[in-house]
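Take a look at the letters that make up each chain.
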Amino acid sequence: ISREMLCELCVVLTRANEDKDVRVIVLTGTGRAFCAGLDLNEAASGEGIVSEAMQPLEMVLAGPEAMADDGALAVEALLGHEIMTFQRGSQPHLALIGALRGAGAGDKHVHSISSVSALAHLVESGFGLATLPRAVTERLRPRNGIRALKSELALEPLPVFASYWDEPASPL
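Scope of this entry: the structure provided in the associated data block. Fair warning: this is a prediction, and the values are worked out from it, not measured in the lab.

Moving on, we come to the overall build of the protein chain. What the protein chain contains, in helices and strands, is six helices and seven strands. Reading the secondary structure of the protein chain in the N-to-C direction produces α-α-β-β-α-β-α-β-α-β-α-β-β. Along the longest, intermediate and shortest principal axes, the C-alpha atoms of the protein chain span 65 × 35 × 35 Å. Counting all 172 residues of the protein chain, 28% fall into the buried class. In the protein chain, the proportion of contacts linking residues at least 24 apart, taken out of those at least 6 apart, comes to 77%. About 11300 Å² of surface is accessible on the protein chain, with carbon and sulfur atoms providing 53% of the total. Across the protein chain, the 14 positively charged side chains and the 22 negatively charged ones have centroids separated by 6 Å.

This part covers the nonpolar core. Side chains that are nonpolar tend, in soluble globular proteins, to be buried together. Residues Leu78, Leu96, Leu100, Leu119, Leu129, Ile146 and Leu153 are the most contacted members of the largest nonpolar core, which totals 30 residues. Contributing elements (two or more residues each) for this core: strand S2 (59-64), helix H3 (75-78), strand S3 (83-85), helix H4 (91-102), helix H5 (116-124), strand S5 (129-133) and strand S6 (146-149).

What counts as what
- Residues numbered from 1 in each chain as written.
- Predicted model: local features only at pLDDT ≥ 70, side-chain atom pairs only at ≥ 80, totals over all residues.
- Heavy atoms only, no water.
- Helix = DSSP H or I, 4+ residues; strand = E, 2+ residues; numbered from the N terminus.
- Buried < 20%, exposed > 50% of the residue type's maximum accessible area, 1.4 Å probe, protein only.
- Contact = heavy atoms within 4.5 Å.
- Areas by Shrake-Rupley, 256 points an atom, 1.4 Å probe, with all protein chains shown as cover.
- Lys, Arg positive; Asp, Glu negative; His and termini not counted.
- Charge placed at Lys NZ, Arg CZ, Asp CG, Glu CD.
- Core = buried A, V, L, I, M, F, W, Y, C linked by side-chain atoms within 4.5 Å.

The following block contains the structure:
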C-alpha cells in the first residue's frame, strides 16, 4: 500500500464507517500477489517518516523480592546467578553484554528471552536475574514478587523512539 493509496483508503474507510448500510469491507488485489502491508520500497526511502526521541527507560537488574535487602550485588556475586535479558541483538541485550565486558565478565553466558512476562516468571521461579525497565519491574512487583536489585553493574538507560509516518494529507 503506497502513501497515496493509504490516504485514499483513509477517506474511503472513513466514509464507509459513517454509512449505516456498510457492514463489511473486502480489500482485494490484482495480479499474482496481494499484500495487506505497506509498499516496502516506498517505506524504505524514509520519506515522510518522523522519529522522535522519548524519555529513556531506566534499566534495572530484577531479582526475587527476598534478595532486595541484601545490599548492592557485587559483580562476582552476580556471576553466580543465571542472567537473562531480551532477545539477542536487542538494545538491552547489547547493553548488558557491554556492561559485563566493562566489568571484566564478558564471558558470562546470558540467556535471551523475547517476552517480559517470561522474564518475570523465570525470575519469580528462582531461575535467575533479568534486566528489565524499572517501570516494568515496579508494576510486576505485587503480582510476581520481583524487585529491582541494587548492583555494582551499571546498566545504561534504554533509548526509546516513536517513529511514525507523517502524512499531512491524511484525514486522520
